[in-house]
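If you want the building blocks of each chain, they are given just below.
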Amino acid sequence: MTKIIVVTSGKGGVGKTTTSASFAVGLANRGFKTAVIDFDIGLRNLDLIMGCERRVVYDFVNVIRGEANLNQALIRDKHNKELYILPASQTRDKDALTLEGVGTVLDELRKTFDYIVCDSPAGIERGAQLAMYYADSAIVVTNPEVSSVRDSDRMLGLLSSKTKRAEEGNGKITEHLLLTRYSPKRVSKGEMLSLEDVNEILAIPLLGVIPESPAVLKASNSGVPVIVDSESDAGQAYADAVARYLGEEVPLRFLEEKSNWLKRIFSFKEKEVV
Ligand SMILES: Nc1ncnc2c1ncn2[C@@H]1O[C@H](COP(=O)(O)OP(=O)(O)OP(=O)(O)O)[C@@H](O)[C@H]1O
Ligand SMILES: [Mg+2]
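Residues numbered from 1 in each chain as written. Chains lettered and ligands numbered in written order. Predicted model: local features only at pLDDT ≥ 70, side-chain atom pairs only at ≥ 80, totals over all residues. Heavy atoms only, no water.

S.K.: Sorry if this is basic, but what is going on with the site of ligand 1 here?
M.R.: Close to ligand 1 lie 15 residues, the nearest being Gly13, Lys16, Thr17, Thr18 and Ser213. Contact distances for ligand 1 include 3.0 Å between an oxygen atom and a backbone N or O atom of glycine 15. One nitrogen or oxygen atom from the side chain of lysine 16 is found 2.7 Å from an oxygen atom belonging to ligand 1. Relative to its free-state accessible area of 630 Å², ligand 1 is covered by the protein chains to the extent of 82%. Ranked by residues supplied to the shell around ligand 1, first place goes to helix 1 (residues 16-29) with 3 residues. Each residue belonging to the shell around ligand 1 can be placed in one class, and the counts come to 5 nonpolar, 6 polar and 4 charged. (Near = heavy atom within 4 Å. Polar contact = N/O pair within 3.5 Å; in protein donor to acceptor, adjacent residues only side chain to side chain. Areas by Shrake-Rupley, 256 points an atom, 1.4 Å probe, with all protein chains shown as cover. Helix = DSSP H or I, 4+ residues; strand = E, 2+ residues; numbered from the N terminus. Nonpolar A, V, L, I, M, F, W, Y, C, P; charged D, E, K, R; others polar.)

Written as structure tokens, this is what we have:
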């Protein structure tokens, strides 16, 4: 049965689109037919990160308005034939998405796809609520800082009250925490919340920790989701998170500072000098 996953956060700029792109690639690489939908009307970041921006002719809003059919709007990924992207519209008004329209598109996608990944816009208003409404499971992307954790907590409230499942009393959405842009160095300096702090506040199952990594910007500049860069720490962390989502037991990585041993040598030398 098709699973609809919403990638959401509340706070903006925490890594939802980065996560949606890598998650969709990760699921498709495992052989699941996957569609990833950009709900961020007006911004259109997903197709840039997926490297298909020049191939966009029709978009999500065109389909909802009946100006194009789904087959015309879906873009097949260059590298993986199991993966399709439904881009957002850049120019139209944000009210172009309707609950019924979104429902119709998702029902159509359900016929052929195993997973549908919905990349939510920032905030907790209408756009974000439309992205989550039909979801079976939610990936709550959170950065290790107070404002992000607080907004994720508000999002958890909405997930348990404002979704179709909640309205129909049809079982709860499964919630997963993905802690992104984690910098062990800044955590140890006390500049960021630790994994334990965030876990304690949000208290939902942890899907993974994605380190702060220059590989993410490099990947989005080249239009290839970071999970494809299997040499990179962030790419590996996303692959681990996909594996955990699929029920595999994978130990957490990248929670320690990379250069711990170097740091120890330097602090030893500093002590010697003093
Ligand atoms: N693990 C990471 N390490 C370094 N930079 C990251 C990481 N994850 C995301 N970023 C950067 O953070 C910025 C925001 O990422 P992204 O666009 O995925 O966030 P978003 O939650 O989708 O934003 P919005 O709320 O505007 O839709 C981008 O510049 C991205 O490159
Ligand atoms: Mg985004």
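S.K.: Explain the packing of aromatic side chains to me, please; I cannot follow it from the model alone.
M.R.: Aromatic ring pairs are described here by two measures, namely the spacing of the ring centres and the angle between the planes. What the rule picks out here adds up to 6 aromatic pairs. Note on phenylalanine 39 and phenylalanine 60: the rings are 5.1 Å apart at their centroids and 80° apart in plane angle, and the pair reads as edge-to-face. Of this pair, phenylalanine 39 sits in the loop between strand 2 (34-38) and helix 2 (46-49) while phenylalanine 60 sits in helix 3 (residues 60-64), and the two are 21 residues apart along the sequence. Given a relative accessible area of 2%, phenylalanine 39 falls into the buried group. For phenylalanine 60, a relative accessible area of 0% corresponds to the buried category. The interplanar angle of 70° and the centroid separation of 6.3 Å between the aromatic rings of tyrosine 115 and tyrosine 245 together place this pair among those described as edge-to-face. (Phe/Tyr/Trp six-rings, centres within 6.5 Å; stacked < 30°, edge-to-face > 60°. Buried < 20%, exposed > 50% of the residue type's maximum accessible area, 1.4 Å probe, protein only.)

S.K.: Please explain the packing of helix 1 against helix 12 (residues 233-245) as it appears in this structure.
M.R.: Helices that pack against each other are described as a pair by the angle of their axes relative to one another and the distance between those axes. Running from N to C, helix 1 and helix 12 cross one another at 65°; their axes reach a closest spacing of 9 Å. The handedness of the crossing between helix 1 and helix 12 is right-handed. Between helix 1 and helix 12, the residues in contact are Thr18, Thr19, Ser22, Phe23, Gly26 and Leu27 and Tyr238, Ala241, Val242 and Tyr245, respectively. Here the residues of the contact of helix 1 with helix 12 sort into 6 nonpolar, 4 polar and no charged. (Axes fitted to C-alpha atoms, helices over the stretch in contact; angles between N-to-C directions. Left-handed = near helix turned anticlockwise from the far one by under 90°. Contact = heavy atoms within 4.5 Å.)

S.K.: How should the environment of threonine 18 be read in this particular structure?
M.R.: Relative to the helices and strands, threonine 18 resides in helix 1. For the pair threonine 18 and lysine 218, spaced 200 residues apart in the sequence, the C-alpha separation amounts to 12 Å.

S.K.: Which parts of the structure should I look at to understand the state of the cysteines?
M.R.: Here a disulfide denotes a covalent bond joining the sulfur atom of one cysteine to the sulfur atom of another. Applying the stated rule across the entire model yields 0 disulfides. In this model cysteine 52 remains outside any disulfide bridge; the closest cysteine sulfur is found in cysteine 118, 16 Å from its own. A relative accessible area of 2% places cysteine 52 in the buried class. We classify cysteine 118 as buried; its relative accessible area is 1%. (Disulfide = S-S within 2.5 Å.)

S.K.: Got a minute to help me understand the pairing of strand 2 in this structure?
M.R.: Taken residue by residue, a regular strand's side chains alternate between the two faces of the sheet. Of all the 5 residues making up strand 2, 5 are buried; the element is thus mostly covered by neighbouring parts of the structure. Of the two faces of strand 2, the one lined by Thr34, Val36 and Asp38 and the one lined by Ala35 and Ile37 are each fully buried. Bridge count between strand 2 and strand 4 (residues 83-86): 4 bridges; the pairing is parallel. Looking at the pairing, alanine 35 lines up with tyrosine 84 of strand 4. Taken together, the 5 bridges between strand 2 and strand 5 (residues 115-119) define a ladder with parallel strand orientation. Bridge pairing in strand 5 places threonine 34 opposite tyrosine 115. (Pairing = 2+ DSSP bridges.)

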